[in-house]
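# Summary of the model geometry
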Amino acid sequence: QVHLVESGGGLVQAGGSLRLSCAASERAFSPYGMGWFRQAPGKDREFVAGIVWSGGSRFYSESVKGRFTISRDNAQNTVDLQMNSLKPEDTAVYYCAARSRWATVSRLYRGGEYDYWGQGTQVTVSS
């Protein structure tokens, strides 16, 4: 069983930056894709960003495109989310997810396609 652990959340003022990191418990784990999702109070979970592990294709939701950057470190088996120009509406619990099998990129936008999830880290952006 692979465990994902997120870190890096916190409180930041609007316009500021945060960097989230997600580490897999198994160094030998080689996912097909990894993603970041978020869930704000009273709202459904939504896709934020994803990356195909081999090849590095990256994709983003429209709401974060141009502000957030997803990246991976193959050697460390980690995936990071650099969040710049943060807005109060970015406030949410952010979750890291991993999918072990091949899938089309369109499927990687959907939370149900992922096999493993982290416990989440809170990001709060004050106005």
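Shown above is the structure to which this text applies.
Residues numbered from 1 in each chain as written. Predicted model: local features only at pLDDT ≥ 70, side-chain atom pairs only at ≥ 80, totals over all residues. Heavy atoms only, no water.

### Concerning the state of the cysteines
For the structure shown, the criterion picks out one disulfide. The disulfide partner of Cys22 is Cys96, and the S-S distance across this bridge is 2.0 Å. Residues Cys22 and Cys96 are joined through a disulfide that is left-handed, its torsion about the S-S bond being -75°. Of this pair, Cys22 sits in strand S3 (residues 18-24) while Cys96 sits in strand S9 (residues 92-99), placing them 74 residues apart in sequence. (Disulfide = S-S within 2.5 Å. Helix = DSSP H or I, 4+ residues; strand = E, 2+ residues; numbered from the N terminus.)

### Regarding the sheet that holds strand S1 (residues 4-7)
Strand order in the open sheet formed by four strands is S1-S3-S8-S7, with antiparallel pairing between adjacent strands. Here the strands that pair on one side only, and so sit at the sheet edges, are S1 and strand S7 (68-73). Between one strand axis and the next, the sheet turns by 15° as a mean value, whatever way the strands run. Bridge count for S7 against strand S8 (residues 78-83) is six bridges, and the pairing is antiparallel. Bridging from a neighbouring strand, Thr69 pairs with Gln82 of S8. (Pairing = 2+ DSSP bridges. Axes fitted to C-alpha atoms, helices over the stretch in contact; angles between N-to-C directions.)

### Quick word on the pairing of strand S4 (residues 33-39)
Burial analysis of S4 places six of its seven residues in the buried class, the great majority of the element. Note: S4 against strand S5 (residues 46-52), six bridges, orientation antiparallel. Note on S5: the bridge partner recorded for Gly35 is Gly50. Two strands pair when backbone bridges link them, and S4 and S9 are joined in this way by seven bridges, in the antiparallel orientation. Its bridge partner lying in S9, Gln39 is registered against Val93. (Buried < 20%, exposed > 50% of the residue type's maximum accessible area, 1.4 Å probe, protein only.)

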